[in-house]
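So you can see what is in the structure, the chains are spelled out below.
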Amino acid sequence: MTELLSIILAAGEGTRMRSAMPKVLHRVGGLPVVSHVIRSAKAAGSRIAVVVGPGHEEVEAAVTRFEADAQISRQMERLGTAHAVQQARAAYEDAPGHVLVLYADTPLVTGATIAAIVDRLDGGADMVVVGFTPDNPTGYGRLLTKNGRVTAIREHKDASEDERRIGLCNSGIIGFRGETLRAVIDRIGNSNAKGEYYLTDAVELAAGDGKRVDFIEADASELVGVDNRIKLAEAEATFQAFKRREVMEAGATLRDPGSVWFSWDTEIGRDVTIFPNVVFGPGVKVADNVEIRAFCDIEDTTIGDGARIGPFVRLRGGAELGPDVHLGNFVEVKNSKIGAGTKAGHLSYLGDAEIGTETNIGAGTITCNYDGVNKDKTLIGDNVFIGSNASLVAPVSIGDGAYTASGSVITQDVPADALALGRARQENKLGYAPRLKARALAKKAAKGK
Ligand code: UD1
C-alpha cells in the first residue's frame, strides 16, 4: 500500500463563526470538526500533519489529544492555502507516497472519497481534485476541464463571466503524488485578486508540466465547510442523518429517527429500541436488546444487554449499567456501577455508588455523595431492598440482603441481612386531630375580627 500523508489546514481565522473559540474546535456530533478530519484520514491509514494559526494552542492541544503523533506546524501569517501547505514542509519534503490536502473545517469527508483519491493516484494520476456541484457556486473555485482532465482552478474573484457559469467547484480537497506537490508548491505566486498564495494554482502548474490532473466528484453534503453557524448546523444535520442510518442498518429501531441525536462514537447494539427525543453525548455504548424510552439524556455510559431505561433518565459521567437493569422516570446516575437485574424505578439520584445485582432502589432514594467539599462512595450489595425516600449518606455501605426502612436517613453501615431504621418512630395520639382542627379554626376566626 502506498504511504499517505494528510496535511490538514486549520489556520483560518473563522471570523464568520463570531466565536471566541477557533472555528475548527466547534463540534459536530460532539467531536471538534478538526478531529473528524483527522479521524477520516487516519482511517485511510494516513500520517497526519496539521497547520494551525498563531495563538491556536487550544487547537494544537485538541489535535494531539486525538492523534498524539500528528506533526503540527504554525502558519504565522495567513497568506493563502499554498502558503499554509508550505508550513508543513518538514512533513512532506521526504514523504515517499501520496500527499492529501484536507481542510480542517470540512468534517464530513468520507473514507470512500479519500479511497477514491488514492485509487486515482495509484492508477497513474499526478493530482486529483475533489469537485462538487453546490446549489450556489458563488465564492468557490471553478474546475476548468478539458477531455476529462483538470487544466486549472479559477477562484471566483478571478474568474470571467463564462468561467463563473461553470457549476463544478473545488471542494478544497486535493491529492498529490508527493513528487508533484514538491515540484510545484514553491512556484506558486500571489498575483491574483486576493494577493494570496493559492494552492489551487498547483493545478495549472502541474498541467503545464504535462502532468495528469484528474477530478472526482463527491456529494455536496459531504463537503460542507463549517465557516459559520448555519453551515455548522447543516453539518450537524448531515452527520446525524448518516449516524441514524448507520444505527438502523446495524439492527436498532428508532421510533422517530429525526428526534434521536447521536455522538460520533455512540455504539448501539442489535434489537435496541430507542423512543423519541433521546440524546446521546460522547462515550456511550449500548449492548443488544436494550429499550430506551423517551426523553433520556445519556453520556459517558455503558448499558448492558436487555436493560430498560427511561422515560426521563439522565446518565452521565461514568455510569456502568449491567444486563437487565431497569431505570425508570426521573432517575439520574453518575459515576456509578449498577449490577445485573437491579431496579431504580422512580425519582432517584445515584452518584458515586456501586450497587450489586437484583437490588431494588425505592422511589426517592438519594445517595448523598457530596459534603460540600468531598465526594464519597455508597456501596450497596446484592439483593438489597432500599425503601422509598431514603437518604444514603456517603461514605456508607449496605450489605447483601439488607433492608432499609422507607424514609430512612442511613448514616451508618448496614450489615448483610439487617433491617436498618433511620427515622423517628411513629406515635399515634388518639382523638387528637379534631382538637388540632378546632385550634386552627379559632386562630382564623380571631384574625377575622
Ligand atoms: C478555497 C479554495 C477554493 C474552494 C474553497 C472550498 C483556494 C485558493 N481556494 O477557497 O477553490 O472552492 O476553498 O471551500 O484554495 N487556510 C489556512 N491558511 C491560509 C488560508 C486558508 O490554513 O492562509 C485554511 C482555512 O483554515 C480553511 C481552508 O484553508 O480551512 C480554506 O481557506 P479559505 O481561505 O476559506 O479558502 P476559500 O476562499 O474558501
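Use the structure listed above.
The text that follows walks through the structure, step by step, so that each part is easy to find. (Residues numbered from 1 in each chain as written. Predicted model: local features only at pLDDT ≥ 70, side-chain atom pairs only at ≥ 80, totals over all residues. Heavy atoms only, no water.)

Looking at empty space enclosed by the protein
Counted under the stated rule, the structure contains one cavity of 30 Å³ or more. The volume enclosed by the largest cavity comes to roughly 30 Å³. Along the walls of the largest cavity sit Glu3, Leu4, Leu5, Arg47, Ala95, Pro96, Gly97 and His98, which together make up its complete lining. Of the residues in the lining of the largest cavity, the class split is four nonpolar, two polar and two charged. (1 Å grid on protein atoms, 1.4 Å probe; cavity = no way out; pocket = protein on both sides within 12 Å on 5 of 7 lines; lining within 4 Å. Points joined across faces, edges and corners; volume = space filled by probe spheres on them. Nonpolar A, V, L, I, M, F, W, Y, C, P; charged D, E, K, R; others polar.)

Some points on the environment of Lys211
Note on placement: Lys211 falls in the loop between helix 8 (201-208) and strand 11 (213-217). According to the relative accessible area criterion, Lys211 is partly exposed, its value standing at 33%. Distance from Lys211 to Asp300, taken between C-alpha atoms, is 50 Å for residues 89 residues apart in sequence. (Helix = DSSP H or I, 4+ residues; strand = E, 2+ residues; numbered from the N terminus. Buried < 20%, exposed > 50% of the residue type's maximum accessible area, 1.4 Å probe, protein only.)

Some points on the site of the ligand
The immediate surroundings of the ligand are formed by 20 residues, with Gly12, Gln75, Thr81, Glu155 and Asn170 found nearest. Take Leu79: an N or O atom from its main chain is 3.4 Å from an oxygen atom of the ligand. Contact distances for the ligand include 2.6 Å between an oxygen atom and a backbone N or O atom of Asn170. When the ligand sits alone it has 750 Å² of accessible area, and the protein chains cover 89% of it. Here the ligand occupies the largest pocket. At the level of elements, strand 1 (4-10), helix 3 (81-86) and strand 10 (169-177) are the ones that each hand at least two residues to the shell around the ligand. The class makeup of the residues in the shell around the ligand is eight nonpolar, eight polar and four charged. (Near = heavy atom within 4 Å. Polar contact = N/O pair within 3.5 Å; in protein donor to acceptor, adjacent residues only side chain to side chain. Areas by Shrake-Rupley, 256 points an atom, 1.4 Å probe, with all protein chains shown as cover. Sits in = over half its atoms within 2 Å of the grid points.)

Quick word on helix 1 (residues 33-43)
With respect to burial, helix 1 is a largely interior element, eight of its 11 residues being buried. After helix 1 finishes, the residue Gly45 shows a positive phi value of roughly 80°.

With respect to unusual backbone geometry
Pro311 follows Gly310 through a cis peptide bond whose omega is 5°. On the secondary structure map, Pro311 appears in the loop between strand 21 (308-309) and strand 22 (313-316). Cis peptide bonds are those with omega within 30 degrees of zero, and the linkage from Ala394 to Pro395 qualifies with 0°. Residue position: Pro395 is located in the loop between strand 34 (391-393) and strand 35 (396-398). Although it is not a glycine, Asp352 adopts a positive phi angle of roughly 50°. With relative accessibility at 7%, the residue Asp352 sits in the buried group. Phi angles above zero are rare outside glycine, and Asn389 is one such case at about 55°. When you line up the elements, Asn389 lands in the loop between strand 33 (385-386) and strand 34. A relative accessible area of 52% means that Asn389 is categorised as exposed.

Some points on the pattern of salt bridges
A complete count under the given rule lists 18 salt bridges for this structure. Among the salt bridges present, the one from Asp352 reaches Lys334, with a minimum N-O distance of 3.2 Å. With Asp352 in the loop between strand 28 (348-351) and strand 29 (353-355) and Lys334 in strand 25 (residues 331-334), this pair connects stretches of sequence that are 18 residues apart. Taken as a pair, Asp352 and Lys334 share a single burial class, namely buried. (Salt bridge = Lys/Arg side-chain N within 4 Å of Asp/Glu carboxyl O.)

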